[in-house]
Amino acid sequence: SETDKFGKSPEARAYESAEIILERDPFQMLAELARDIVLIHCEGRISFVNESGINTLGYRASDLIGHHVSEFVAPPSMKMLQKKLSGRALGNRAQELYELEILDSKGQTVPFEVASSPILRDGEVVSIFNICRNISTRKTAEARLRHSEREKSHILESLEELVALHDRDGTLLWGNRVAAEVAGLEVEELVGRRCHEVWHDRDCQCHGCPITDVFDSGRSAQWSVTLHDGRRWDLHFYPVRNDAGEV
């Protein structure tokens, strides 16, 4: 490895940067109490990792200290790591928040959210301070939510009935395939348009429309209406509530 103008290797500079920081006892105490991984690196070479990092990833301290962070980053995240390291080398001193996939001691990929900040001494960057939070639970929840949304979408799209979601003034927020076919539009073209414009060719709300009553009462309603092309529809309106119980 190359030495600097003082004859110090990257490993020596990494250890030196750790010594500078760890002279401050409060820092070390907080770092060791942290549940997230606290990691410091100098030019990518790890100089400090707290006990949580060792326990979470399953490595020994000697497996990490003095080694380059790229040795522990999963291939899909390597491009992101290189981008961040290059930015720091070019003088980027901004606080950053990004995601990386890290390899634990068993070779398993673990997703982390990384909060990164430069550590300055006499106005110069001496190392990079990182707080790495395991986001496995969040990623699992997000994947389950996406799967659930896909399932609901497949169900609604497979129905032969017109299904639409709109707000109090009749502005369409979503519609299924049948809703678009009846209107002679693409599904994406429904959003943002008023229901009386789309299906009734009117510039104002239809007489007798129960939308307002459903919003005000919170109860479902039925309505039979003849479209502008002569087709007759029996419509069912159901209130959709948010977490606060509001329609």
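Cut-offs and rules
Residues numbered from 1 in each chain as written. Predicted model: local features only at pLDDT ≥ 70, side-chain atom pairs only at ≥ 80, totals over all residues. Heavy atoms only, no water. Pairing = 2+ DSSP bridges. Helix = DSSP H or I, 4+ residues; strand = E, 2+ residues; numbered from the N terminus. Axes fitted to C-alpha atoms, helices over the stretch in contact; angles between N-to-C directions. Salt bridge = Lys/Arg side-chain N within 4 Å of Asp/Glu carboxyl O. Buried < 20%, exposed > 50% of the residue type's maximum accessible area, 1.4 Å probe, protein only. Expected span 1.5 Å × (residues − 1). Arc of directions from axis to C-beta. Contact = heavy atoms within 4.5 Å. Core = buried A, V, L, I, M, F, W, Y, C linked by side-chain atoms within 4.5 Å. Polar contact = N/O pair within 3.5 Å; in protein donor to acceptor, adjacent residues only side chain to side chain.

1. Observations concerning the sheet that holds strand E4 (residues 109–121)
Here is step 1: In space, the five strands of this open sheet follow the order E2-E1-E5-E4-E3, with antiparallel pairing throughout. Every interior strand has two partners, whereas the edge strands, strand E2 (45–49) and strand E3 (96–103), have only one. Strand-to-strand, the axes of this sheet are offset by a mean angle of 35°, without reference to chain direction.
Here is step 2: In this sheet, strand E5 (residues 124–134) lies alongside E4 in antiparallel orientation, the contact comprising 10 bridges. What sits directly across from Leu120, in E5, is Val125.

2. Focus on the pattern of salt bridges
Here is step 1: For the structure shown, the criterion picks out 14 salt bridges.
Here is step 2: Two residues, Arg60 and Asp63, come together in a salt bridge whose shortest N-O distance is 3.1 Å.
Here is step 3: What makes Arg60 exposed here is its relative accessible area of 57%.
Here is step 4: Judged by its relative accessible area of 24%, Asp63 falls in the partly exposed class.
Here is step 5: Here Lys139 and Glu142 are joined by a salt bridge, their closest N and O atoms 4.0 Å apart. Placement of both Lys139 and Glu142 in helix H6 (residues 136–158) is noted, with a separation of three residues, approximately one turn of the helix.
Here is step 6: Taken together, the shared-partner salt bridges connect Glu99, Glu113, Arg138, Lys139 and Glu142 into one network.

3. Details of helix H5 (residues 78–89)
Here is step 1: In this model H5 runs 16 Å from its N-terminal to its C-terminal C-alpha over 12 residues, within 8% of the 16 Å that 1.5 Å per residue would give.
Here is step 2: For H5, every residue scored as buried is listed here: Leu81, Lys84, Leu85, Gly87 and Arg88. Projected down its long axis, H5 carries its buried residues within an arc of 160°, all on one side. Of the exposed residues in H5, those oriented more than 90 degrees away from the buried face are Lys79, Lys83 and Ala89.
Here is step 3: Check the buried side of H5 and you find it contacts strand E1 (37–42), E3, E4 and E5.
Here is step 4: With its phi angle positive at about 105°, Gly91 sits one or two positions after the end of H5.

4. A few points about the nonpolar core
Here is step 1: By size, the foremost hydrophobic cluster in this structure holds 21 residues, and its most contacted members are Ile37, Ile46, Val49, Leu64, Ile102 and Phe112.
Here is step 2: Elements that contribute at least two residues to this core include exactly E1, E2, helix H3 (51–57), H5, E3 and E4.
Here is step 3: Core analysis: the second largest hydrophobic core is formed by 18 residues, Leu190, Cys195, Cys209 and Leu227 among them.

5. Focus: unusual backbone geometry
Here is step 1: The backbone of Glu43 sits at a positive phi, close to 55°, despite the residue not being glycine.
Here is step 2: In the Ramachandran plot, Asp122 falls in the positive-phi region, its phi being about 55° despite a non-glycine side chain.
Here is step 3: The residue Asp122 is located in the loop between E4 and E5 in this model.
Here is step 4: Under the relative-accessibility criterion, Asp122 is labelled exposed at 74%.

6. Re the pairing of E5
Here is step 1: Pairing analysis gives five bridges linking E1 to E5, with the strands arranged antiparallel. Counted as the bridge partner of His41 is Ile128 from E5.
Here is step 2: The hairpin turn running from E4 into E5, its antiparallel successor, is two residues long, and Asp122 in that turn takes a positive phi close to 55°.

7. Comments concerning the side chain of Thr171
Here is step 1: Along the chain, Thr171 falls in the loop between strand E6 (164–166) and strand E7 (172–175).
Here is step 2: Judged by relative accessible area, Thr171 falls into the buried class, the value being 14%.
Here is step 3: A distance of 3.1 Å separates the side chain of Thr171 from the side chain of Arg194, its partner in a polar contact.
Here is step 4: Ignoring anything within four residues of it in the chain, the contact list for Thr171 reads Leu165, His166, Gly192, Arg193 and Arg194.

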